[in-house]
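Letter by letter, the chains look like this.
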Amino acid sequence: MAEAADIQGTPSPARRWLRRTGALLAGAPLLAALVQLPAAVPAQAADSDTVSVALDSLSPSAPTDGDTLTVSGTVTNNGKQAVTDAHVDLRVGSQLSTRSAIGSAARHPDDLNASLGTAIGGKYTEDFDSLAPGVAEHFSISVPVDQLDLGQDGVYPFGVSLSGQTSAQPWEQVLGIQRTFLPWQSSEADTRTRTTYLWPLISTVHVTAKTGAGELQTPVFLDDDLAKEISPGGRLAQMLALGKDLDVTWVIDPDLLASVDAMTRSYRIQGAGDSTTAGTHQAVAKQFLADLQDTVADKEVVALPFADPDLASLAHNGTSVTGSLSHLKDATDVAATTVETVLHVTPSTDFAWPVNGAVDPSIIKVATSAGADKVIARSDSLQETGGLPYTPSAARPIGGGTTAVVADARLSTAFQGDLTKADAATLAVQQFLAQSLALNTQTDKERSIVVAPQRMPSASQAQAMATAITVLQDGNWSQSQDLAAAAKAKPDPGATTKIPSSSAYPSALRKQQLPRTAFEQIARTQDKLDNFQVILTNQSRVVTPFGRAINREMSTSWRGRGSEADSFRTGVESWLDSLIGQVKLIDKSETKLSGRSATIPVTVQNNLVQGVDHLVLRLTSTMPTRLEIGGKAYYEQPVEVSGGHTQSVKFSTSANANGRVEVIAQLYTEDGQEYGDPVRFDVKVTEVTPTVMLVIGGGVLLLVLAGFRMYTQRKRAAARRAEEGDGPDETGEDTPEAPQTPETPEGLETDGPEDTGRAGNSHADEDRLQEESVARSGADDPEQPSDPTPDTASESADPSGTGERVDR
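Quick notes on the rules
Residues numbered from 1 in each chain as written. Predicted model: local features only at pLDDT ≥ 70, side-chain atom pairs only at ≥ 80, totals over all residues. Heavy atoms only, no water. Helix = DSSP H or I, 4+ residues; strand = E, 2+ residues; numbered from the N terminus. Buried < 20%, exposed > 50% of the residue type's maximum accessible area, 1.4 Å probe, protein only. Areas by Shrake-Rupley, 256 points an atom, 1.4 Å probe, with all protein chains shown as cover. Contact = heavy atoms within 4.5 Å. Phe/Tyr/Trp six-rings, centres within 6.5 Å; stacked < 30°, edge-to-face > 60°. Pairing = 2+ DSSP bridges. Axes fitted to C-alpha atoms, helices over the stretch in contact; angles between N-to-C directions. Core = buried A, V, L, I, M, F, W, Y, C linked by side-chain atoms within 4.5 Å. Parallel < 35°, antiparallel > 145°, perpendicular 65-115°, else oblique. Left-handed = near helix turned anticlockwise from the far one by under 90°. Nonpolar A, V, L, I, M, F, W, Y, C, P; charged D, E, K, R; others polar. pLDDT = per-residue confidence, 0-100. Patch = residues over 30% accessible without salt bridge, like charges linked within 9 Å, V, L, I, M, F, W, Y side chains within 5 Å. Salt bridge = Lys/Arg side-chain N within 4 Å of Asp/Glu carboxyl O. Lys, Arg positive; Asp, Glu negative; His and termini not counted. Charge placed at Lys NZ, Arg CZ, Asp CG, Glu CD.

This paragraph deals with the overall build of the chain. Along the backbone of the chain there are 19 helices and 31 strands. The buried share among the 808 residues of the chain stands at 46%. Of the roughly 38200 Å² of accessible surface on the chain, a fraction of 51% belongs to carbon and sulfur atoms.

Dropping the structure here:
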């Protein structure tokens, strides 16, 4: 079963003789058994899954001269029969010369039909008398590296196999195998790859738009999951602990920093309905930030735009919605400030990182629209088309002063999947190291390679990543480099700079994008916020939490979580609507006018903590011919209401006719935008009635009759004088004479000269009585619009002071 052709180098004559003798002795019983078997049965068992082999540990992962390799794991009998004469062997295959060959071998690590490699044999095995069905047995084998017969530097297939026999197949055979890779760099390489590894510190969205009413604006969290992530043993806590001793570039979402920083003070956890509970992990948050500050104090930090916006979703579905790109600019602007405030380091904000490094022209355009001039792409998106026999450096000029930093796809995806089991993590580490070494041996050119892993590695994935990076840092073929240096490295002239078309964007990623409706809802929320903030006396209390919430609505972390994303956006908009509704008009019932002029009060209520101003209240009559407000169809007054108060605004009205009139009260912002819902109520004019009009007409008639009587009396007096010879002069006018005693009215007797005086005063008395009658009738007349005093008690039309306190 030995495959001498797969071994680099020549074993000693003694070892060759021992191997051949052992093979002959082992094969004698097998040959005897084969005589009794049908010719169609192959030498190797039909049941290839009889035994599973798990390779839990391989140390050192990249051995050098003089090392001893220790391999440990478990073997498990999955069959129904016991395996006897079982033994574990270590196997080495022939060198793999290309990266694609490594990838092909990694796809079938337990295939018995693939090349098995040569067993080391001898004392470097572990024997089991019997493997019972369903039982896992542990093994551990240590072998000096010089016993592996490794040849020149490079990558070798390395396997652990379990051989034995069963009662159904009573001959020795390989019943299970697990393959991996052994990177072999015996001494320091002449040219070492400069490797940049991104260490992402990113989480999902945790903070809502809600805040408490106090001065500190206590934040409200969606849940307490972030506390679990940053607590000892949590995902982010392990990322921080593992990355502390690694030479990596930290890529941080500022939203994570802002959220943890908010947890260091009082915070609330959203419950069912409108209920909240107090958060209790302040100490954990403080410790996490303190450790992070110490860790990144002398490290390169790249700040993503706030909340890590989904650039591809924005490019494909958001740019057609007005205002969407402005949110990306806002998220970029606030990123540096947040990192500097929380971590006390100055980050780089020059890099944009689309999901999985997948790019097309629209993504590049959006990514650079907010100021970034470097886009982190990946080699499975921006693929090489020039036929280069090696992997080029990461930096590529793609026009317009923009650099694409192309991460290596094989290295970047090495730690995906479930790595909770030790054997899966070990295989991932060995494959990563094998690809890295194979890349270095491709050419003697010095290159800068970037590794951009998944955004949110699990704790087990992070542990495997840290193991591999540690080996690279201590290895003979790689040296660490920060991302800024990789982006500035001299581009390879043969590397492709052509951005793939939009049709090349992976359909699996496209299905996870935020839809256009999401951006339309974001735009609607922003419009409401813009209209609301103009009336606030302390805008930052609202603009800041809602601005950050809108950034979170565009987060990359919503990919694959469409329903959660929709729920979050709806929650943000609903909360904003609730705050807007705290400033409103109080409903009014029907109002009756007790006269032709009156004052109508309209009450504005402000249940916000802060005051509002820059509001205008308009009162409109739907029938201005019947009821005028301020002398016209509508009238406006400015409104200013303190926090937690109400304000009554009074409007002067005048009625021209009786009947019912609908009046509309509506708040407006100073720029003419409607604010809130209108209040409609009826005004019933009850005093301008037919009875009132009859009284008015009667008074006028009395005045006319009194005037007519005075006129006839004067005419009669003039006629009497004419009969007595005191006619008019030639001019036609009466000549002034001494006063004459007027004629005594009919029926009135005189008693001589004393009575003359009384008779002479009778007309004067009658005139006085007529004037008093007119005065009395005028007292009952309804007032005219010009009357100084209205029937209804006079009220000021100005706003009433600071308002009344609202019971809350």
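Structure shown, so let's carry the discussion forward.
With respect to the secondary-structure elements, I141 resides in strand β6 (residues 136-144). Here the alpha-carbon distance between I141 and L90, two residues 51 residues apart in the chain, equals 8.3 Å. With residues near it in sequence (within four places) discarded, I141 still touches L69, T70, V71, V88, L90, Y124, T125 and E126.

As enumerated under the stated definition, the model contains six aromatic pairs in all. Judged by centre distance (5.3 Å) and plane angle (40°), the ring pair of F415 and F432 falls under tilted. Residue F415 is located in the loop between α10 (409-412) and α11 (422-440), and its partner F432 is located in helix α11; the two are separated by 17 residues in the primary sequence. Assessed through its relative accessible area of 1%, F415 is described here as buried. We classify F432 as buried; its relative accessible area is 1%.

For the rest of this paragraph, the subject is the sheet that holds strand β27 (residues 634-641). Here five strands make up an open sheet; going across it, the order is β23-β30-β29-β25-β27 and the pairing mixed. A strand with exactly one partner marks an edge of an open sheet, and here the two such strands are β23 (591-593) and β27. Each neighbouring strand pair of the sheet contributes to a mean axis angle of 30°, computed without reference to strand direction. Where strand β25 (residues 612-621) and β27 come together, seven bridges link them in antiparallel fashion. Bridging from a neighbouring strand, V616 pairs with P638 of β27.

Strand pairing in a sheet takes place through backbone hydrogen bonds and is either antiparallel or parallel in direction. Pairing is antiparallel across the open sheet formed by three strands, whose spatial order is β1-β2-β6. Strands with a single pairing partner mark the edges of an open sheet, and in this sheet they are β1 (51-59) and β6. Between one strand and the next, the sheet's axes are offset by a mean angle of 20°, whatever the strand orientation. Where β1 lies against strand β2 (residues 68-77), eight bridges are found, and the strand directions are antiparallel. Across the sheet, S59 pairs through a bridge with T70, a residue of β2.

If you look at the biggest cluster of nonpolar residues, it comprises 76 residues, and the most contacted ones within it are F532 and L617. Sequence-distant contacts of L617, that is, excluding residues within four places in its chain, are made with L585, V602, V604, Y635, E636, Q637, V639, V649, F651, A665, Q666 and L667. Counting 64 residues, the second largest nonpolar core, distinct from the first, contains L96, W250, L257 and V260.

Our next topic: the side chain of T195. Along the polypeptide, T195 turns up in strand β9 (residues 193-201). If near-sequence neighbours (up to four positions away) are discounted, T195 is found in contact with I449, V451, L472, S478, Q479, S480 and Q481.

A separate point is the packing of helix α5 (residues 254-263) against helix α8 (residues 324-343). Packing of α5 against α8 brings their axes to within 9 Å, and their N-to-C directions diverge by 45°. With respect to α8, the axis of α5 lies oblique. Relative to α8, α5 is oriented so that their crossing is left-handed. Facing P254, L257, A258 and D261 of α5, the residues of α8 in contact are A335, T338, V339, V342 and L343. Considered class by class, the residues forming the contact of α5 with α8 number seven nonpolar, one polar and one charged.

Let us look at the confidence of the model for the chain. Of all residues in the chain, 82% attain a pLDDT of 70 or more, and the chain-wide mean is 85. Scored below 50 in pLDDT, residues 1-48 makes 41 contacts in the model with residues more than four places away or belonging to other chains. This model gives residues 799-808 a pLDDT under 50, and the stretch forms 31 contacts once residues within four places in sequence are excluded.

So, about unusual backbone geometry. Of note, the amide linkage connecting S59 to P60 takes the cis form, showing an omega dihedral of -5°. Relative to the assigned elements, P60 resides in the loop between β1 and β2. Positive phi values are uncommon outside glycine, yet H344 reaches one of about 65°. By the element assignment, H344 lies in the loop between α8 and β16 (351-352). Residue N356 is not a glycine yet carries a positive backbone phi of 55°. Along the chain, the position of N356 falls in the loop between β16 and α9 (361-369). Among the residues examined, N356 registers a relative accessible area of 36% and is labelled partly exposed.

As for its position among the elements, D255 is in helix α5. If near-sequence neighbours (up to four positions away) are discounted, D255 is found in contact with F306, A307 and R552.

Turning next to the pairing of strand β29 (residues 659-669). Extensive coverage of β29 is indicated by the burial of eight of its 11 residues. As paired strands, β25 and β29 are joined by seven bridges and run antiparallel to one another. Note on β29: the bridge partner recorded for L617 is L667. Of the strand pairs in this sheet, β29 and strand β30 (residues 674-685) are connected by nine bridges, and their pairing is antiparallel. In the strand pairing of β30, R660 is matched with K684. From the end of β29 to the start of β30, which pair antiparallel, there are four residues, and G672 there has a positive phi angle of about 90°.

To continue, consider a negative patch on the surface. Negative charge collects at one region of the surface, where D85, D127, D129 and E172 lie side by side. Tracing the backbone through its elements, the reader meets E172 in the loop between β7 (154-165) and β8 (173-184).

Under the criterion given, the structure shown has 24 salt bridges. With a shortest N-O distance of 3.0 Å, R194 and E446 are connected by a salt bridge. Linking R194 in strand β9 with E446 in the loop between α11 and β20 (448-451), this pair joins segments that are 252 residues apart in sequence. Its relative accessible area of 26% is what places R194 among the partly exposed residues. With a shortest N-O distance of 2.7 Å, R455 and D308 are connected by a salt bridge.

The next thing to look at is the environment of V302. Within the secondary structure, V302 sits in strand β15 (residues 301-303). Classification of V302 as buried rests on a relative accessible area of 1%. On a C-alpha basis, the gap between V302 and P254 in space is 9.9 Å, while along the polypeptide they are 48 residues apart.

This paragraph deals with helix α4 (residues 235-243). Of all the nine residues making up α4, seven are buried; the element is thus mostly covered by neighbouring parts of the structure. For α4, every residue scored as buried is listed here: R235, L236, A237, Q238, M239, L240 and G243. Close packing links the buried residues of α4 with β9, α3 (225-230), β12 (249-252), α5, α6 (282-296) and α12 (459-474).

For the rest of this paragraph, the subject is the pairing of β8. Counting buried residues in β8 gives 12 out of 12 residues, a clear majority hidden from the surface. Summarising the sheet, β7 and β8 pair through 11 bridges and their orientation is antiparallel. Paired with V160 across the strands is Q178, a residue of β8.

Moving on, we get to a nonpolar patch on the surface. On the surface, a nonpolar cluster with roughly 360 Å² of combined accessible area is contributed by L701, L702, V704 and L705. Summarising the element assignment, L705 is placed in helix α18 (residues 690-723). What makes L705 partly exposed here is its relative accessible area of 47%.

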